[in-house]
Amino acid sequence: MLKKSIIFIASLFLTLLPGFNDVIYHETSYTHYAQANTNISTTVGNTEDINRTDSTIDTDISAVTDSCIPSGYIKMAETDIIGLYYNPQEPAIIVEDKRDGFLWGSSVSEEYYDMKSVNKAWQTNMKSLFNIVYTDLSRDTDTLLVTSSTGAKARVNAQRTDNGFNIHYYFEELGIEVTLEFKLDGNALLVKLPADMIKERGKYGIVRIELLPFFGAAKDDEEGYVFYPDGCGAITYLKTKETGVTTKYSWYVYGSDEVDIDLYKLTKEEGLKQALLPVFGIKRGNNGFVGIVTEGECDTAINFAPNGYVVHLARVYPEFTYRRFYRATRPDATLISRIEKEILLQDHAVMYVFLAGENANYSGMANAYRDYLLNTGNIKRVIKPGTSMPLAIDFLMGIKEEQLLFDKFIVMTTFDQVRLILDEFLKHGIKDMQVNLFGWTKGGYGSYPLHFPIPRSIGGIKGLKNLVEYTSEKGITLFLQDNFVDALAENGGFSKRNDVVYQKNGLSVTDITQEEFLLNPTISWNKFVNEFLPVLGNCPIDGINFERFGELIYFDHHNTYPSTRSKTAEYWQKFLEKSNTLYGKSAVCGGNAYVLKYADRLFDIPIEGSGYFITDEFVPFYQIVVHGLIPYSSKPGNLFYDFEKQKLQWVEYGCLPYFQLTYNTPELLKYTHYNELFTSSYKDWMKPAIDIYQEFNDRLGDIWSRVIIRHEKVQDDVYKITYDGGAKVYINYQKQPVRIDGYRIEALDYLVIDEEGNVK
């Protein structure tokens, strides 16, 4: 925790430097203009114009919990579940939940919050529908300016649409136009910033837009929490103690917005997690919402401002990127921070799904997001009802040991030895296995971007084909793991000039030693199709396991094949789809949401968050979304310091039983870059693997293909998980037995209650 605190303090210092992504909202940071005009243009086409009025808002719209809508608000749309209201004077919106009359608002009133302690800039910000971070494009600068939708001189035109309305803003002195589109659908509010409605008519350009920054903002005297997508998911309670926070926390969706190899490594070393899913939410009493970024998520950050950051209101909201910082090269070859002149135009949209009663919690939020993915076809249903839970095994085949004169190839497992080990498992009744081979390529594990020929010392291509024939015969799923992202100069096999990712300043992206590079997505795809697949040929494996595709996307200023983050994600999807077409399946390391439509197996799914001091609990949001649909694993059981605790976490989070094994002893790895595999001999781990496979299938087999409906903490270190159909699992991490719902759960153990109430 001390390490993470030091890193956090360092990162906080960096965010204050020019070129970093945080804007501190002090009064002097704003460029303000007169209050927006009160006159609105006339009706356009068949849409109805709504004129702004001079009505005053004297009722809180963030926390009112009855059906009385404050004065000045006009009903714009409604469904059977929610209603949408608009106040043209501020402007501001309210969403009414008809199930209990709860009101969600974009503006914070003086009745709800004491504004005497807040400066005028922040008072304005607390009533805004959005904030614009912008810059002066006529200058070479890294200076950011900020204004809010209520704090700048603007012409505002609101027009009714089909079950919603649009608000068009023209900031006259900035020469910037933006439009917000609001629409209701069932229990959801859809908010969109269409790209074709953004205009920059002057010298100013948009850098970022914060959407609904105070929507649902809550004080610390309410029951509830803020949910944010840190790793598996995390929550901070509204009633948390004063933290003295001086900055907001941001998770860029799908990983860092910076293309920085050293930063990637530092983040991993420190155990900091990323946002795998484009979601966020708030629970307030018996109500809640989950926000789902449905468009433009690759260029979106999720911001969490805890209670105490400038004002004592907790809030969470999305921020969209339109321009980035980069390091420009001066004539003297030094680098200086600048902002891109070109705008990244794409639609951005968020769906706010409103929850009430027993669904107003992080489980309900996860269920709503899963429903969205299923309804839009963006998650694959891999697990078939009634199928048994497989045992997941990785085999490390070989790896390079660097030596003074000549590198040494260390054989850890041959193809024949994999077959021998699998035979042992089959003899013990383990019939359902998912096997993944890594380190089978030229040079072994980590020798990127080399692929072929397969080392003869582990069996060569013939040995692989013999093993594949064997696994096919026995019904064992076999994946080959490989990397199409990283490239190391010492290995060759790529051009450091033509094949790699470039920064905007014309310099290639590399690490501090200038030895590590990233491959351009287009070039990597072309090599995969034209060089890799023809060599692998028709070898009937079950699929390729793609390293890094589920945890990393990046933009690339390559002269011939430029790529945005979104385009890179699309390329990773093409790889997965190609594997599905040729071999039937695909797997991926990491679980960013864009892979869920294509992947048959997910590796390295986190069961924790970053551990920031603001976080009160980690929650299995990701696992609730995916369980029963796609098999996934977390850390290998043989690499956890406490195997019994690891087993309980596997049960709580619904993970596959998973091990990384070798035929030879791990002492051979001592001088390699993968010496973290300190215990892996199959002789040591075969019995624990067999035992846990049999135990999980006996006790958990019936719920393996079920989705998780609810996860809840019932006591300190005691959790209850409810599955579709009614089965329940109780997990007790305490060192003494507990009694919950009339059941006794032993210390450091779990209890399964099936659909018919039988104890397992």
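Residues numbered from 1 in each chain as written. Predicted model: local features only at pLDDT ≥ 70, side-chain atom pairs only at ≥ 80, totals over all residues. Heavy atoms only, no water.

### Some remarks on the overall build of the chain
Put simply, the rule is: Under the scheme used here, helices are H or I runs from DSSP no shorter than 4 residues and strands are E runs no shorter than 2 residues, and both carry numbers assigned from the N terminus. Computation of the radius of gyration draws on C-alpha atoms alone. For the globule rule, the value is 2.2 Å times the number of residues to the power 0.38. Residue contacts are counted whenever heavy atoms from the two residues lie within 4.5 Å of one another. Note on areas: Shrake-Rupley, 1.4 Å probe, and residue coverage restricted to the protein chains presented here. Counting rule for charge: Lys and Arg are taken as positive, Asp and Glu as negative, and neither His nor the chain ends is counted. Just so you know, the charge point we use is NZ for Lys, CZ for Arg, CG for Asp and CD for Glu.
A count of helical and extended segments in the chain gives 11 helices and 41 strands. For 760 residues, the compact-globule estimate of 2.2 N^0.38 gives 27 Å, and the C-alpha radius of gyration of the chain, at 27 Å, lies within 12% of that figure. Its C-alpha atoms give the chain principal-axis dimensions of roughly 80 × 75 × 50 Å. A fraction of 67% describes how many contacts in the chain between residues 6 or more apart in sequence connect residues 24 or more apart. Counting only carbon and sulfur atoms, one obtains 49% of the accessible surface of the chain, whose full area is about 29900 Å². Of the side chains in the chain, 77 bear a positive and 100 a negative charge, and the two mean positions are spaced by 3 Å.

### What about the sheet that holds strand E38 (residues 728-732)?
Across a sheet, paired strands are connected by hydrogen bonds in the backbone, their directions being either parallel or antiparallel. What counts is decided by this rule: Two strands qualify as a pair provided DSSP detects at least 2 bridges between them. Axis lines are fitted through C-alpha atoms, for helices just across the contact stretch, and the angle between N-to-C directions can take any value from 0 to 180 degrees.
One open sheet holds the 4 strands; their spatial order is E36-E37-E38-E41, and the pairing between them is antiparallel. Across the chains shown, the open sheet's two edge strands, defined by having one partner strand only, are strand E36 (708-715) and strand E41 (749-753). Adjacent strand axes in the sheet meet at a mean angle of 15° when their direction is disregarded. Here helix H10 (residues 643-653) sits on the sheet and contacts E36, strand E37 (718-723), E38 and E41; the angle it forms with E38, its principal contact strand, is near 150°. Across the sheet, helix H11 (residues 682-700) lies against E38 and E41, angled at about 35° from E41, the strand it touches most.

### Thoughts on the packing of helix H7 (residues 521-536) against helix H8 (residues 565-583)
Note the following rule: An angle counts as roughly parallel when it lies under 35 degrees, as roughly antiparallel when it exceeds 145, as roughly perpendicular when it falls between 65 and 115, and as oblique in every other case. Less than a right angle of anticlockwise turn of the near helix away from the far helix marks a crossing as left-handed, whereas a clockwise turn marks it as right-handed. Gly is placed with the polar residues, together with every amino acid not listed as nonpolar (Ala, Val, Leu, Ile, Met, Phe, Trp, Tyr, Cys and Pro) or charged (Asp, Glu, Lys and Arg).
It is at 10 Å that the axes of H7 and H8 come closest, and there the two elements cross at 15°. In terms of orientation, H7 and H8 fall into the roughly parallel class. Handedness of the H7/H8 crossing: right-handed. Side by side, H7 and H8 meet where Pro-521, Thr-522, Ser-524, Trp-525, Phe-528, Leu-533 and Leu-536 of the first sit next to Thr-568, Tyr-571, Trp-572, Lys-574, Phe-575, Lys-578, Leu-582 and Tyr-583 of the second. Broken down by class, the residue content of the contact of H7 with H8 amounts to 10 nonpolar, 3 polar and 2 charged.

### Focus on the pattern of salt bridges
Any two side chains of opposite charge can pair if their charged atoms end up close together. Let me state the cut-off plainly: A pairing counts as a salt bridge when a side-chain nitrogen of Lys or Arg comes within 4 Å of a carboxyl oxygen of Asp or Glu. Relative accessible area decides the class of each residue, using a 1.4 Å probe on protein chains only: under 20% of the type maximum gives buried, over 50% gives exposed, and in between gives partly exposed.
Tallying each qualifying case throughout the model produces 38 salt bridges. The residue Glu-551 makes a salt bridge to Arg-548 at a minimum N-O spacing of 3.1 Å. Judged by its relative accessible area of 18%, Arg-548 falls in the buried class. Note that Glu-644 is salt-bridged to Lys-647, the shortest N-O span being 3.7 Å. In this pair, Glu-644 and Lys-647 both sit in helix H10, 3 residues apart, roughly one turn of the helix. You can call Lys-647 buried: its relative accessible area is 13%. Look at the salt bridges and you will find they share partners, linking Asp-262, Lys-265, Asp-511 and Glu-516 into a network.

### A short note on helix H5 (residues 415-427)
Threshold: For a helix, the expected span equals 1.5 Å multiplied by the residue count minus one. Directions pointing from the helix axis toward each C-beta atom define the arc.
Its 13 residues give H5 an end-to-end C-alpha distance of 19 Å, which sits within 8% of 18 Å, the value for a rise of 1.5 Å per residue. Phe-415, Gln-417, Val-418, Ile-421, Leu-422 and Phe-425 are the residues of H5 that are buried. Here the buried residues of H5 occupy an arc of 160° about the axis, which is enough to place them on one side. Facing away from the buried side of H5, by more than 90 degrees, are the exposed residues Asp-416 and Lys-427.

### Remarks on the nonpolar core
Our working definition: Put simply, a nonpolar core is a bunch of buried Ala, Val, Leu, Ile, Met, Phe, Trp, Tyr and Cys residues held in one set by side-chain atoms that sit within 4.5 Å of each other.
Core analysis: the largest hydrophobic core is formed by 208 residues, its most contacted members being Tyr-352, Phe-425, Leu-437, Leu-596 and Leu-602. Residue contributions to this core peak at 9 residues, all from H11. Leave out the neighbours within four places in its chain, and Tyr-352 touches Asn-187, Ala-188, Leu-189, Val-191, Leu-211, Leu-212, Phe-215, Phe-280, Phe-289, Val-290, Gly-291 and Pro-318. In terms of nonpolar packing, the next biggest core, distinct from the first, is built from 10 residues, Phe-438, Tyr-445, Tyr-674 and Leu-677 among them.

### Structural notes on the sheet that holds strand E19 (residues 300-305)
Pairing in this open sheet of 6 strands is antiparallel, and the strands run E7-E6-E13-E20-E19-E16 from one edge to the other. What marks the edges here is a single partner per strand, and that holds for strand E7 (145-148) and strand E16 (249-252). In this sheet, neighbouring strand axes are inclined to one another by 25° on average, regardless of whether the strands run parallel or antiparallel.

### Points about empty space enclosed by the protein
To keep things clear, this is the line we draw: Residues are called lining when one of their atoms sits within 4 Å of a cavity or pocket point, these points coming from a 1 Å grid over the protein atoms alone, where a cavity is a set in which a 1.4 Å probe fits but cannot get out and a pocket is an open set with protein on both sides within 12 Å along at least five of seven lines. Grid points are joined across faces, edges and corners, and a volume is the space filled by probe spheres set on the points.
By the definition in use, this model includes 6 cavities of 30 Å³ or more. Space inside the largest cavity adds up to approximately 80 Å³. If you trace the largest cavity, you find it lined by Met-389, His-627, Trp-650, Val-651, Gly-654, Cys-655, Phe-696, Leu-700, Ile-703, Trp-704 and Tyr-723. Elements represented by at least two residues in the lining of the largest cavity include exactly H10 and H11.

### Considering the state of the cysteines
Rule in force here: When two cysteine sulfur atoms are found within 2.5 Å, that pair is recorded as a disulfide.
A complete count under the given rule lists 0 disulfides for this structure. The cysteine Cys-298 is free of any disulfide, with Cys-589 supplying the nearest cysteine sulfur at 19 Å. For Cys-298, a relative accessible area of 6% puts it in the buried group. In this structure Cys-655 is a free cysteine whose sulfur lies 9.7 Å from that of Cys-232, the closest cysteine sulfur available.

### Here we look at the pairing of E19
In terms of residue burial, E19 counts as a mostly covered element, since 6 of its 6 residues are buried. Residue alternation in E19 divides its side chains into two sets, Thr-300, Ile-302 and Phe-304 and Ala-301, Asn-303 and Ala-305, and both sets are buried. The pairing of E16 with E19 spans 4 bridges and is classified as antiparallel. Across the sheet, Ser-250 pairs through a bridge with Asn-303, a residue of E19. Sheet topology places E19 next to strand E20 (residues 315-321); 6 bridges connect them, and they run antiparallel. Opposite Ala-305, over in E20, you have Arg-315 as the bridge partner.

### Focus: a nonpolar patch on the surface
Note the cut-off: Nonpolar side chains (Val, Leu, Ile, Met, Phe, Trp, Tyr) are joined into patches within 5 Å and like charges within 9 Å, using only residues with over 30% relative accessible area and no salt bridge.
Taken together, the side chains of Leu-404, Leu-405 and Phe-406 present a nonpolar region at the surface, about 480 Å² in accessible area. Within the secondary structure layout, Phe-406 lies in the loop between strand E25 (398-401) and strand E26 (408-411).

### Here we look at the environment of Pro-540
Here Pro-540 is to be found in the loop between H7 and strand E31 (543-550). Separated by 188 residues in the primary sequence, Pro-540 and Lys-728 have C-alpha atoms spaced 40 Å apart. The residues touching Pro-540, leaving out its near neighbours within four places in the chain, are Val-468 and Ser-472.

### Some thoughts on the pairing of E20
Along E20, 7 of the 7 residues are buried, which leaves the element largely enclosed by surrounding structure. Across the two faces of E20 the burial is the same, with Arg-315, Tyr-317, Glu-319 and Thr-321 and Val-316, Pro-318 and Phe-320 all buried.

### So, H11
Buried within H11 we find Tyr-682, Trp-685, Met-686, Ala-689, Ile-690, Ile-692, Tyr-693, Phe-696, Asn-697, Arg-699 and Leu-700. Where the residues of H11 are buried, they touch strand E24 (391-396), H5, H10, strand E35 (658-661), E38 and E41.

### Points about unusual backbone geometry
Along the chain, Tyr-448 connects to Pro-449 via a cis peptide bond; the corresponding omega equals 5°. Take Pro-449: it is sitting in the loop between strand E27 (433-438) and helix H6 (460-474). In this structure, the amide linkage connecting Phe-452 to the following residue, Pro-453, adopts the cis form with an omega of 0°. Secondary-structure assignment places Pro-453 in the loop between E27 and H6. Although it is not a glycine, Tyr-254 adopts a positive phi angle of roughly 75°. Relative to the helices and strands, Tyr-254 is located in the loop between E16 and helix H3 (261-269). With a phi close to 60°, Asp-604 is a non-glycine residue in the positive phi region.

### What to know about the packing of aromatic side chains
Formally: In summary, the pairing rule links any two rings of Phe, Tyr or Trp, Trp by its six-membered ring, whose centres are within 6.5 Å, and it sorts them by plane angle into stacked for under 30 degrees, edge-to-face for over 60 and tilted for everything else. Geometrically, a lysine NZ or arginine CZ counts as sitting over a ring once it is within 6 Å of the ring centre and also within 35 degrees of the ring normal.
Across all of its chains, the model carries 59 aromatic pairs by this definition. Summarising the aromatic geometry, the rings of Phe-102 and Trp-104 are spaced 4.8 Å apart at their centres and angled 55° between planes, so their arrangement reads as tilted. Classification of Trp-104 by relative accessible area gives buried; the value is 0%. Among the aromatic residues, those joined into a cluster by ring pairs are Trp-440, Phe-452, Phe-484, Trp-525, Phe-528, Phe-532, Phe-546, Phe-549, Tyr-554, Trp-572 and Phe-575. In this arrangement the basic side chain of Lys-504 is found over the ring face of Tyr-326, its NZ or CZ atom lying 5.7 Å from the centre. Geometry around Tyr-658 places Arg-601 over its ring, the cationic atom sitting 5.6 Å from the centre.

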